[in-house]
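Letter by letter, the chains look like this.
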Amino acid sequence: MRYSVDVVRIRENSIQLNGWAIGKTPEAKISYRVEDQNRRPIDHKYVSTRRDDVSQIYFKKTVERDLGFDIQFPYERGKDYYLVICGDGRKIRIKYNEDLIAKRSSVAHKRKQKIKDLMNMETVHVAWDFFKENGLKALILKSRHKIQGLDNDYDYAEWWNLTKPTKEELAAQREAVFPEMPKFSIVIPVFKTPEKYLREMLDSILDQTYKNWELCVADGSPAGQSVERILKKYAEEDSRIRYRVLGKNLGIAGNTNAAMEMAEGDFIVLADHDDRMTPNALYEFAKAINENPGVDVLYSDEDKLDMDGGALFDPHFKPDFNPDLLTSVNYICHLLAVKRVLVSWAGGFKEEYDGAQDYDFIFRCTEQAKKICHVPRVLYHWRCHQDSTASNPESKLYAFEAGSRAIMAHYERMGIQAENVEKGVDYGIYHTKFVINGNPLVSVVIPNKDHTRDLDQCIRPMMTKGTYKNLEFVVVENNSTDPQTFSYYEKIQKEFPNVRVVRWEREFNYAAINNFGVGFAKGEYLLFLNNDVEMIAENFVEEMLGFCQRDDVGCVGARLLYEDDTIQHAGVVVGFGGIAGHTFIGLHKAENSYFHRAMCAQDYSAVTAACMMSKKSVFEKAGGFTEELAVAFNDIDYCMKVRSQGKLVVYAPYAVLHHYESKSRGLEDTPEKVARFNKEVAIFAKRWPDILKKGDPYYNPNLTLRKSNFSLRDLKKEKIGEPYKLEVPLD
């Protein structure tokens, strides 16, 4: 017999246990009872639950009988209780009391439990599949990252309890008066909602600290299955609650539109019938509206809520509005508020996008919004069902297909030509292939000092295997000393007439060298490459060019991997380590990143110039690279100048190359180099103080600046929203 008690909770005067137990076969009979400290049976509530995960792991199939349990029994402080599980001729007795439960809630016990959780058949199966696809080294790396994750200072539930509003803060919010007190119309479509879940949502609305709201509910449940009894009771007790019984199901789009038609407020707030809002949700939105005059659309961070409503997990801390991330995944989702006049103009939900109707709606609203505001606080708890897109995207393939069509419709409205939108790294994650307009010349600018083998590995595959052919190469020779280097230059220029070598005869200055090379470039687009990069994706130029040709995009970066296929660059966050740093460094290419961000096209504040494409017109308007930044941060500074033109900086994850990292230049390993680096840190900080003070808009203030993996802020060392302190003096 195998068993696991996954969740243990004390709630007022009861103990609740959730878990599973199985015998050698799916048909094996398992029984449960609860005993007191004298081994006498005591009354308890028992509900069997489905555990398809358990049946798939241990029996390789979904079995018809329930394998899980939910057991609740009365509890008195100071007494011992036992859960007795019987099956396959065995009897297991598990002791519970207040001290043991508290001990099991400790950090040390949770760490042990996490280790225990890894030691199961599911882990074995997942590890074996990963090993077969990626090899032993990758498996070892992934395992190390898993184990390192056990040492995080907090799990999310602890972190949430430390950061959620206090009773005093909530009380102050109830008394707050803003210059503008917008009315929120909370719109909820209802369909055969379990009473418990519906009441929890309604109660979470009644508990709002901000009071200028109305609730509009449309019940599309079939005749005889309406929840009118519950809605009527709530409406009688609070006049702000209104509802319609539709008598039939109009679909998620139709039901939502019916609820919207009832709305009279300034902003429409979308919510699902079985989730929960935090008590400060509407207050935070009202505060943001007052701080951001003219805002049309607001959205917040969110997390997930387990089925019994007792556990929060999987928080999604989002960036500020990120249009390219939105075409990769519906990252906005909940909580969403849209000005009612904008909803009227954009139109309501469309039934042809059912399954992704909110995705399509968000596109149409954000396309027309003058100002979009992200509130970086968790204001919504999304209840996670086994068959919902919250926990199992593959269970709703039709939703994925509807999402793909919504993205294509968005491109058509925006005048962006896309070939198709296909499945990305997972369901719900999208990869767009854009139409390349014409056959523009791309000028590839590569500084080089000796290291001809690396240079050849950079150029030759692009010429012989790369799928984009209209290229010219400008190799900027930078004080090479090996005679064979110059022999190579002669050879490569004869072999490939589109390769040109020009000479830089001054001291090393990466910014100046690239500016010099651009002076010889004839292309409409510039592709800056280090000499120590090597193509992996044969179409990487097209992947970058597809973004770069858009009018709203100024430059594009690639996904760069170290030689061992771990991530070297997947975008840049300004603030990492004090100034700027790459995201997801050291994560294996096959590992899952934070909400798959490493595999999502998205906008960042900066990307590395080790592989960066930019329009030549944008480059010239920006004044090229800032030559005062001779070595460090000149590419980050350039991206900041691009953004100051109102252009986007895009990360293209399917443009993949190896980057062997600074083979030519060497490390910052001398006092002179360290002094120069510190000077350039100070220069960058003086040029761009606002983003360092306020934080990177494409990151989230709840996430740490000390690591590159998007983990929670360490509250012992970092206050929420506080920048990482520079150790380098700025004068």
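Below is a summary of the structure that appears in this document. Here the structure is a predicted model, which means the values were calculated and not measured.

**Some thoughts on the overall build of the protein**
Logical step 1: Within the protein, the regular secondary structure consists of 23 helices and 30 strands.
Logical step 2: Burial status across the protein gives 54% buried among its 731 residues.
Logical step 3: Sequence-distant contacts, at least 24 apart, represent 74% of the contacts inside the protein between residues at least 6 apart.
Logical step 4: Counting every atom, the protein has about 33,300 Å² of accessible surface; 50% of that belongs to carbon and sulfur.

**Regarding the sheet that holds strand β6 (residues 81-87)**
Logical step 1: One open sheet holds the three strands; their spatial order is β3-β6-β7, and the pairing between them is antiparallel. Both outer strands of the open sheet, β3 (31-36) and β7 (90-96), are each paired with one neighbouring strand and no more. Going from strand to strand, the sheet's axes swing by 20° on average, the running direction of each strand aside.
Logical step 2: Pairing between β3 and β6: six bridges, direction antiparallel. Along β6, the bridge assignment pairs R33 with V84.

**Some thoughts on the packing of aromatic side chains**
Logical step 1: Evaluated as defined, the whole model comprises 35 aromatic pairs.
Logical step 2: Look at Y32 and F69: their rings are 4.8 Å apart centre to centre, the planes differ by 50°, and that puts the pair in the tilted class. Linking Y32 in strand β3 with F69 in strand β5 (residues 68-74), this pair joins segments that are 37 residues apart in sequence. Of the two residues, Y32 and F69, neither departs from the other in class, the shared state being buried.
Logical step 3: Their ring planes at 45° and their centres at 6.0 Å tell us that F184 and F267 sit as a pair that is tilted. Of this pair, F184 sits in strand β8 (residues 184-190) while F267 sits in strand β11 (residues 267-270); the two residues are 83 residues apart in sequence, bridging distant segments of the chain.
Logical step 4: What makes F184 buried here is its relative accessible area of 0%.
Logical step 5: Taken together, the ring pairs in this structure connect F576, F584, Y594, F595, Y699 and F710 into an aromatic cluster.
Logical step 6: K423 extends its terminal NZ or CZ atom over the ring of Y427, reaching a point 5.0 Å from the ring centre.

**A short note on the environment of Y234**
Logical step 1: Note on placement: Y234 falls in helix α9 (residues 228-237).
Logical step 2: We classify Y234 as buried; its relative accessible area is 8%.

**A look at unusual backbone geometry**
Logical step 1: Here the residue pair H334 and L335 is connected by a cis peptide bond, since its omega of -10° sits within 30 degrees of zero.
Logical step 2: Structurally, the position occupied by L335 is in the loop between α12 (323-326) and β15 (336-339).
Logical step 3: Located in the positive-phi region is D88, a residue other than glycine, with phi close to 55°.
Logical step 4: Looking at where D88 falls in the secondary structure, it is placed in the loop between β6 and β7.
Logical step 5: The phi torsion at F595 lies on the positive side, around 50°, for a residue other than glycine.
Logical step 6: Tracing the backbone shows F595 in the loop between β27 (580-582) and β28 (602-603).
Logical step 7: By relative accessible area, which is 25% here, F595 ends up partly exposed.

**Some words on the packing of helix α14 (residues 357-368) against helix α15 (residues 397-414)**
Logical step 1: Relative to each other, α14 and α15 sit at 20°, their axes nearing to 9 Å. Our classification of the angle between α14 and α15 gives roughly parallel. You can see that α14 and α15 cross each other, and the crossing is right-handed. Residues Y359, D360, F363, R364 and E367 of α14 touch α15, and the partners they reach there are G403, A406, I407, H410, R413 and M414.
Logical step 2: Looking at the contact of α14 with α15 residue by residue, the classes come out as five nonpolar, two polar and four charged.

**A short note on the environment of K371**
Logical step 1: Mapped onto the secondary structure, K371 falls in the loop between α14 and β16 (372-383).
Logical step 2: Judged by relative accessible area, which is 32%, K371 ranks as partly exposed.
Logical step 3: K371 sits 74 residues away from V297 along the chain, and the two C-alpha atoms are 6.8 Å apart.
Logical step 4: Apart from the residues lying within four places of it in its own chain, the contact partners of K371 are N292, P293, G294, V295, D296 and V297.
Logical step 5: At 2.9 Å, the side chain of K371 forms a polar contact with the backbone oxygen of P293.

**Some thoughts on the packing of helix α8 (residues 195-206) against α9**
Helix-helix packing is characterised by the crossing angle of the two axes and by the distance between the axes.
Logical step 1: With their axes 11 Å apart at the nearest point, α8 and α9 run at an angle of 20° to one another. It follows that α8 is roughly parallel to α9 by the angle criterion. Both α8 and α9 take part in a crossing whose hand is right-handed. Residues E195, L198, R199, L202, D203 and L206 of α8 form the contact with α9, whose own contacting residues are R229, I230, L231 and Y234.
Logical step 2: Along the lines of polarity and charge, the residues of the contact of α8 with α9 split into six nonpolar, no polar and four charged.

**Here we look at the nonpolar core**
Logical step 1: In this structure, M462, L527 and F540 are the most contacted members of the largest nonpolar core, which totals 113 residues.
Logical step 2: Per-element tally for this core: the top contributor is strand β30 (residues 648-659), with seven residues.

**A look at empty space enclosed by the protein**
Logical step 1: For the structure on display, the rule yields four cavities of 30 Å³ or more.
Logical step 2: Each pocket or cavity is described by its volume, and for the largest cavity that value is around 80 Å³.
Logical step 3: Contributing to the lining of the largest cavity are 13 residues, with S328, H431, T432, F547 and A601 lying nearest its centre.
Logical step 4: Looking at the lining of the largest cavity, the elements that each hand over two or more residues are β18 (430-434), α19 (540-548) and β30.
Logical step 5: Taken together, the residues of the lining of the largest cavity sort by class into seven nonpolar, four polar and two charged.

Rules and cut-offs
Residues numbered from 1 in each chain as written. Predicted model: local features only at pLDDT ≥ 70, side-chain atom pairs only at ≥ 80, totals over all residues. Heavy atoms only, no water. Helix = DSSP H or I, 4+ residues; strand = E, 2+ residues; numbered from the N terminus. Buried < 20%, exposed > 50% of the residue type's maximum accessible area, 1.4 Å probe, protein only. Contact = heavy atoms within 4.5 Å. Areas by Shrake-Rupley, 256 points an atom, 1.4 Å probe, with all protein chains shown as cover. Pairing = 2+ DSSP bridges. Axes fitted to C-alpha atoms, helices over the stretch in contact; angles between N-to-C directions. Phe/Tyr/Trp six-rings, centres within 6.5 Å; stacked < 30°, edge-to-face > 60°. Lys NZ or Arg CZ within 6 Å of the ring centre and 35° of its normal. Parallel < 35°, antiparallel > 145°, perpendicular 65-115°, else oblique. Left-handed = near helix turned anticlockwise from the far one by under 90°. Nonpolar A, V, L, I, M, F, W, Y, C, P; charged D, E, K, R; others polar. Polar contact = N/O pair within 3.5 Å; in protein donor to acceptor, adjacent residues only side chain to side chain. Core = buried A, V, L, I, M, F, W, Y, C linked by side-chain atoms within 4.5 Å. 1 Å grid on protein atoms, 1.4 Å probe; cavity = no way out; pocket = protein on both sides within 12 Å on 5 of 7 lines; lining within 4 Å. Points joined across faces, edges and corners; volume = space filled by probe spheres on them.

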